[in-house]
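What follows is the residue order along each chain.
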Amino acid sequence: MGNQLKNGLIYQNPVLVLLLGMCPAIAISTSIFNGLGMGLCTTFVLFFSNITISALRKVIPENVRIASYIVIIATLVTVVDLLLQAYMPALSRSLGLFIPLIVVNCAVLARAESFANKNTVLASAIDGLSMGLGFTAALLAMSAIREILGAGMLMGRNIFPSGFQPVQLMTLAPGGFITLGCIIALKQWMSNRKGGKA
Amino acid sequence: MTVSQLFALSLGAILVENFVLVRFLGICPFLGVSKKTDTALGMGFSVIFVMGTASAATYLVNEHILKRFDIEYMHTVAFILVIAALVQLVEMFLKKSAPSLHKALGIYLPLMSTNCAVLGVAILNTQNEFDLIGSVVYGVSAAIGFTLALLLFASVREKLEFSDVPAAFQGFPIALVTAALISMAFMGFSGLKVM
């Protein structure tokens, strides 16, 4: 279980290593509030879709499995969407279109196809949880960088003295690409160094 | 909608609110199939084709099924099913009637059902309450914007293969930084007002 958790968070991190689910990662990582919200919603969907799909893995016919997975995932996303609209309208508004788009987040479908349909319910549940947390962690890292540099704030609070001029570019579209590029470069640099020493 | 409104809508979707570079929809295929210009072009044409037909199909489903039975909250499930079925149908139709086109687009079509730009355009159409023509025009223009961005990006990446990139930035990171630069260029269009 510890291994699976480590895999999801670091070695197989869906965003930083497998490069899945990048649309939401780049689009909504403008503030920590958004990043955390999106991460937890995706974790919820991943967790329950992995459980449902692995429980039904012997029932779902081979030929229509992708379509069945998509229906299961889409149903869960609708649940999340309606819950957010009812209980957290502010978050629902700021994530907007990207809540329904969790359906086409390749990370969710990829786990269903590559893990949940071959493993037991318990293992799939842990896998969904750790992949979801890995996704959340990547989003948090990106959104922290972008919020600090782009707005000069951390969790909505000013952290710089008043003379600081925030780099507004970081909260806009190009900032998302640059941040993700630099984080992946940092990861590659670290693994290059490790590989060189060994 | 009048013709001038449609024109403004279309220009807006291609340049000002470019799906990939400003709205962040369809990033996966944007990064995945942008290594060569001809594959980029193939992907672009399939996206234009599927997004146009998907806009029309989801509009009809929304108007005549979801609204009629008052189950509009099911739109995510309904739309993704319509899109997946449509992609399958298009593939079968092309295989029978235009084998050469099918051969050219073949490998990109199945990828289309998990392209978030397609589902995104369907949801945006219903949110903005476009009519049938408006939906199709918006869908096709958004796809043209996607193709434009993809083509620009692919031609830069072809050159990038021969340049000397720091080891840590090789592969994906430098591609993302390149995308950021193209996206900055597209921000210049945000001052454009066409109304």
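Keep in mind that this is a model prediction, so the values were computed, not measured.

**Re the packing of helix 3 (residues 32-55) of chain A against helix 7 (residues 121-151) of chain A**
Residue and element names in this part refer to chain A. Packing of helix 3 against helix 7 leaves a shortest axis separation of 8 Å and a crossing angle of 165°. As the angle between them shows, helix 3 and helix 7 are arranged roughly antiparallel. The chirality of how helix 3 crosses helix 7 is right-handed. Counted by class, the contact of helix 3 with helix 7 contains 17 nonpolar, eleven polar and two charged residues.

**Some words on the interface of chain A and chain B**
Counting from both sides, the interface comprises 34 residues of chain A and, opposite them, 34 residues of chain B. When the two sides are added together, the surface that chain A and chain B hide from each other amounts to roughly 3000 Å², 85% of it contributed by carbon and sulfur. For the interface between chain A and chain B, the tally reads zero salt bridges. At the boundary of chain A and chain B, one finds zero residue pairs in polar contact (both at pLDDT 80 or more). Going through the elements one at a time, helix 2 (22-28), helix 4 (65-87), helix 6 (106-116) and helix 8 (173-197) of chain A are the ones with two or more residues in the side of chain A that touches chain B. By residue number, the principal contributor to the side of chain A that touches chain B is helix 8 of chain A, which donates twelve residues.

**Topic: the nonpolar core**
Counting 104 residues, the largest nonpolar core has Phe177(A), Leu180(A), Phe19(B), Phe30(B), Met51(B) and Leu119(B) as its most contacted members. Here Phe177(A) is in contact with Ile26(A), Val20(B), Leu21(B), Phe24(B), Ile27(B), Leu176(B), Ala179(B), Ala180(B) and Ser183(B), once residues within four sequence places are set aside.

**Focus: a nonpolar patch on the surface**
Residues and elements named next belong to chain A. A cluster of nonpolar residues, Leu 5, Leu 9, Ile 10, Tyr 11, Leu 129 and Leu 133, forms a patch on the protein surface that exposes about 490 Å² of accessible area. Among the secondary structure elements, those contributing two or more residues to the nonpolar patch are helix 1 (2-11) and helix 7. If one sorts the elements of the nonpolar patch by residue count, helix 1 sits on top with four residues. For Leu 133, the position within the fold is in helix 7. Taking the relative accessible area as the measure of exposure, Leu 133 reaches 35% and is therefore partly exposed.

**Considerations on the pattern of salt bridges**
Summed over the entire model, instances satisfying the criterion amount to four salt bridges over all chains. In this structure, Glu113(A) and Arg65(A) form a salt bridge, with 2.8 Å as the shortest nitrogen-oxygen distance. Taken together, the residues Glu113(A) in helix 6 and Arg65(A) in helix 4 connect sequence positions 48 residues apart. Residue classification places Glu113(A) among the partly exposed positions, given a relative accessible area of 25%. The salt bridge involving Arg23(B) is made with Glu17(B); its shortest N-O contact spans 2.7 Å.

**Structural notes on unusual backbone geometry**
Residues and elements named next belong to chain B. Backbone geometry places Phe 24, a non-glycine residue, at a positive phi of 60°. Phi at Glu 129 is positive, roughly 55°, even though this residue is not glycine. Inspection of the secondary structure puts Glu 129 in the loop between helix 6 (116-127) and helix 7 (132-160). A residue is classified by how much of its surface remains accessible, and Glu 129, at 68% relative accessible area, is exposed.

What counts and how
Residues numbered from 1 in each chain as written. Chains lettered and ligands numbered in written order. Predicted model: local features only at pLDDT ≥ 70, side-chain atom pairs only at ≥ 80, totals over all residues. Heavy atoms only, no water. Axes fitted to C-alpha atoms, helices over the stretch in contact; angles between N-to-C directions. Helix = DSSP H or I, 4+ residues; strand = E, 2+ residues; numbered from the N terminus. Parallel < 35°, antiparallel > 145°, perpendicular 65-115°, else oblique. Left-handed = near helix turned anticlockwise from the far one by under 90°. Nonpolar A, V, L, I, M, F, W, Y, C, P; charged D, E, K, R; others polar. Contact = heavy atoms within 4.5 Å. Buried area = accessible area lost by both parts, 1.4 Å probe. Salt bridge = Lys/Arg side-chain N within 4 Å of Asp/Glu carboxyl O. Polar contact = N/O pair within 3.5 Å; in protein donor to acceptor, adjacent residues only side chain to side chain. Core = buried A, V, L, I, M, F, W, Y, C linked by side-chain atoms within 4.5 Å. Buried < 20%, exposed > 50% of the residue type's maximum accessible area, 1.4 Å probe, protein only. Patch = residues over 30% accessible without salt bridge, like charges linked within 9 Å, V, L, I, M, F, W, Y side chains within 5 Å. Areas by Shrake-Rupley, 256 points an atom, 1.4 Å probe, with all protein chains shown as cover.

From the geometry alone we can't say anything about function, so treat these as descriptive.
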